[in-house]
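Architecture and fold: a report
Here's the letter readout for the chains.
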Amino acid sequence: MPAPAQFLKFVDAHEEDFIQRLAKAVEIPSVSGDPAHREDVFRMASFLESQLKSYGVETKSVPLGTHKLEGKELQLPPAILGRIGNDKGKKTVLIYGHFDVQPAELSDGWSHPPFKLTRDDATGRLYGRGSSDDKGPVLGWVNVLHAHKALNIPLPVNLRFCFEGMEETGSEGLDELIISEAQKGEQGWFGGVDCVCISDNYWLNTRTPCLTYGLRGITYFKVMISGPAKDLHSGVFGRMVHEPMTDLVLLMSKLVDVNGNILIPGVDEMVQSPTEEERALYDSLDYSIQDVEESAGGKIALATDKASVLMGRMRSPSLSLHGIEGAFYGAGGKTVIPAKVSGKFSIRLVPPQTPDNVNPLVVKYLNAEFKKLNSKNTLTIEELHGGKPWVEDHNHWNYEAAKRATLEIYKQTPDLTREGGSIPVTLTFAEALRVNVLLLPMGRGDDGAHSTNEKLDKSNYIEGTKLLGTYLYEVAAGQ
Ligand SMILES: NCC(=O)N[C@@H](Cc1c[nH]cn1)C(=O)O
Ligand SMILES: [Zn+2]
Ligand SMILES: [Zn+2]
């Protein structure tokens, strides 16, 4: 059942209103990983809740307790739950999204202030932190509600919402909420849910829409090396003492090689090699080495064949070194020996890997490699956060509905992809509610999520809003 023409027309006619809504959201710097922005994450929660309420959604702002971040005890942002429609004759779809964002500073290399939506009318791009990840898609759902309320047409399905403000920092507190609501059955906020839809990832390229049936998990480590009681003068102490930074750099160099192979024994080995049949699946996707190099902005692909490059992202684990806290990084040539440095790295996990079976291998290896250095400094290992990988059955009516909706809006059959990123609660929804979960992305592969100059193409925002609405009509239509 295609969406009514008046809905599609309304979306086109209200493009400006929808862009203004996104502009308001981008202006709230809801960076969950920075204690200085915690108030803003709360502000963003209130903004979203009031938007939902104004279109007839019953909402509840659920406190999730406190947590420790950078040594500070902080209130976690609330989860925003919502429901609209209670018609037993209709399917019930649960929508998840997040209203927090990754950090962004103009000095990181942005061409425009990251928390001001900047339009480039020549290219049709809407620049701003969170435009694609994940404020644009979340507001896409709000746009769908707006259209139906304004046109006074009933929604084709009952809707339930679960929006969080900690996704970029480990989704703390949300698993417990989902599990407890699921245990309440019909009485809970997720009672009667038939399927879940999440719009929080991207097309593989800039041309072909996709449906996503897998995500990698993640395990994130902070490895601290300390020794001196304070920062030291390298002219006074150089070659007299064990230096924490030297130890840390040596240790971090033992984790991964230049070709992406993980050097921690047992980690890569947990994953089975692909069969020829599986390789062919990756070969059939609309992708090229040029796509990865264009979206990365450099000719730096690890392989020359697209199946290997795609498998690197979709069905292999990867280990990335993210940064060193406490190291000198400013301009000029400060001759310091930092007293305490912490290396940050994470491993993206694929089945059958989980934080529970990978973390012990990592800890054992780090301790053994540190021992080999014969340093008198001290090593402390902290596991910051983690989440399991997820793979879904894409031969399901939920995916069929999304496929039909994509064909109607984009006149293209979507690619079926697995995503390299992580949305830890996806598996929690699948396991706690025992329903099919679909990832239906709005943005393109070159949106630059987590990066400088993040953008959402206006056409993806507007056609994406139509796609989300049309998907609901296709779910209502059934097989
Ligand atoms: N759009 C999903 C996303 O960006 N997820 C993050 C989740 C995360 C995990 N640790 C920190 N953030 C991702 O990096 O995949
Ligand atoms: Zn996201
Ligand atoms: Zn993200």
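Residues numbered from 1 in each chain as written. Chains lettered and ligands numbered in written order. Predicted model: local features only at pLDDT ≥ 70, side-chain atom pairs only at ≥ 80, totals over all residues. Heavy atoms only, no water.

This paragraph deals with the packing of aromatic side chains. Using the criterion set out here, one finds five aromatic pairs in the structure. One aromatic cluster is present, built from ring pairs that chain together Tyr96, Phe190 and Phe429. Positioned above the aromatic ring of tryptophan 189, the side-chain terminus of arginine 83 is 3.9 Å from the ring centre. Positioned over the ring face of tryptophan 397 is lysine 91, at 4.6 Å from the centre of the ring. (Phe/Tyr/Trp six-rings, centres within 6.5 Å; stacked < 30°, edge-to-face > 60°. Lys NZ or Arg CZ within 6 Å of the ring centre and 35° of its normal.)

Moving on, we get to the coordination of the zinc ion (ligand 2). His98 (NE2), Asp133 (OD), Asp200 (OD) and Asp200 (OD) make up the full set of protein donors to the zinc ion (ligand 2), lying at 2.0 to 2.7 Å. Sequence spacing among the residues donating to the zinc ion (ligand 2) works out to H-x34-D-x66-D. A separation of 3.4 Å is found between the zinc ion (ligand 2) and the zinc ion (ligand 3), which share aspartate 133 as a coordinating residue. Taken together, the residues span a long stretch of sequence, with aspartate 133 in helix α4 (residues 131-151) and aspartate 200 in the loop between β9 (195-198) and β10 (210-215) at a distance of 67 residues. (Donors = N, O, S within 2.8 Å, 3.2 Å for Na, K, Ca; no water. Helix = DSSP H or I, 4+ residues; strand = E, 2+ residues; numbered from the N terminus.)

Coordination sphere of the zinc ion (ligand 3), protein contribution only: Asp133 (OD), Glu168 (OE), Glu168 (OE) and His450 (NE2), at 2.0 to 2.7 Å. Site description for the zinc ion (ligand 3): donor spacing in sequence, D-x34-E-x281-H. Note on histidine 450: relative accessible area 40%, which makes it partly exposed. (Buried < 20%, exposed > 50% of the residue type's maximum accessible area, 1.4 Å probe, protein only.)

This paragraph deals with the environment of arginine 160. With respect to the helices and strands, arginine 160 occurs in strand β8 (residues 158-164). On the basis of relative accessible area, arginine 160 is assigned to the buried category, the value being 5%. The spatial distance from the C-alpha of arginine 160 to the C-alpha of arginine 313 is 31 Å, given a sequence separation of 153 residues. In contact with arginine 160, not counting residues within four places along its chain, are Gly82, Arg83, Ile84, Gly85, Asn86, Thr92, Val93, Leu94, Ile95, Trp189, Gly191 and Val193. (Contact = heavy atoms within 4.5 Å.)

In this section: the sheet that holds strand β13 (residues 318-325). Read from one edge to the other, the open sheet built from four strands follows the order β13-β15-β11-β16, with strand pairing classed as antiparallel. The open sheet is flanked by β13 and β16 (378-387), the only strands paired with a single partner. Sheet twist, expressed as the mean angle between neighbouring strand axes with direction ignored, is 20 degrees. Strands β11 (217-226), β15 (340-349) and β16 of the sheet are contacted by helix α11 (residues 355-372), whose axis makes an angle of about 165 degrees with β16. (Pairing = 2+ DSSP bridges. Axes fitted to C-alpha atoms, helices over the stretch in contact; angles between N-to-C directions.)

Two numbers describe how helix α8 (residues 276-283) lies on helix α10 (residues 306-314): the axes approach to 8 Å, and their chain directions differ by 95 degrees. Looking at the two axes, α8 sits roughly perpendicular to α10. Packed against α8, whose contacting residues are Arg279, Tyr282 and Asp283, the element α10 presents Lys306, Ala307, Ser308, Leu310, Met311 and Met314 at the interface. Of the residues assigned to the contact of α8 with α10, the class counts are five nonpolar, one polar and three charged. (Parallel < 35°, antiparallel > 145°, perpendicular 65-115°, else oblique. Nonpolar A, V, L, I, M, F, W, Y, C, P; charged D, E, K, R; others polar.)

Bringing a nonpolar patch on the surface into the picture now. There is a patch of nonpolar side chains on the surface, built from Val236, Phe237, Met240 and Val241 and spanning about 350 Å² of accessible area. By the element assignment, phenylalanine 237 lies in helix α6 (residues 234-237). (Patch = residues over 30% accessible without salt bridge, like charges linked within 9 Å, V, L, I, M, F, W, Y side chains within 5 Å. Areas by Shrake-Rupley, 256 points an atom, 1.4 Å probe, with all protein chains shown as cover. Salt bridge = Lys/Arg side-chain N within 4 Å of Asp/Glu carboxyl O.)

As a further point, take the UniProt feature "binding site: substrate" (unreviewed entry) in the protein chain. With numbering aligned to this structure, UniProt lists the feature "binding site: substrate" (unreviewed entry) at Asp200, His233, Thr335, Arg348, Ser422 and His450. Taken together, the annotated residues stretch across 251 residues and extend over separate regions, lying up to 47.2 Å apart by C-alpha. Assessed through its relative accessible area of 5%, aspartate 200 is described here as buried. The contacts of aspartate 200, once residues within four sequence positions are left out, are His98, Asp133, Asp134, Glu167 and Ile423. At a separation of 3.2 Å, a polar atom in the side chain of aspartate 200 contacts the side chain of histidine 98. (UniProt positions renumbered as here; feature names shortened; annotations may be inferred. Polar contact = N/O pair within 3.5 Å; in protein donor to acceptor, adjacent residues only side chain to side chain.)

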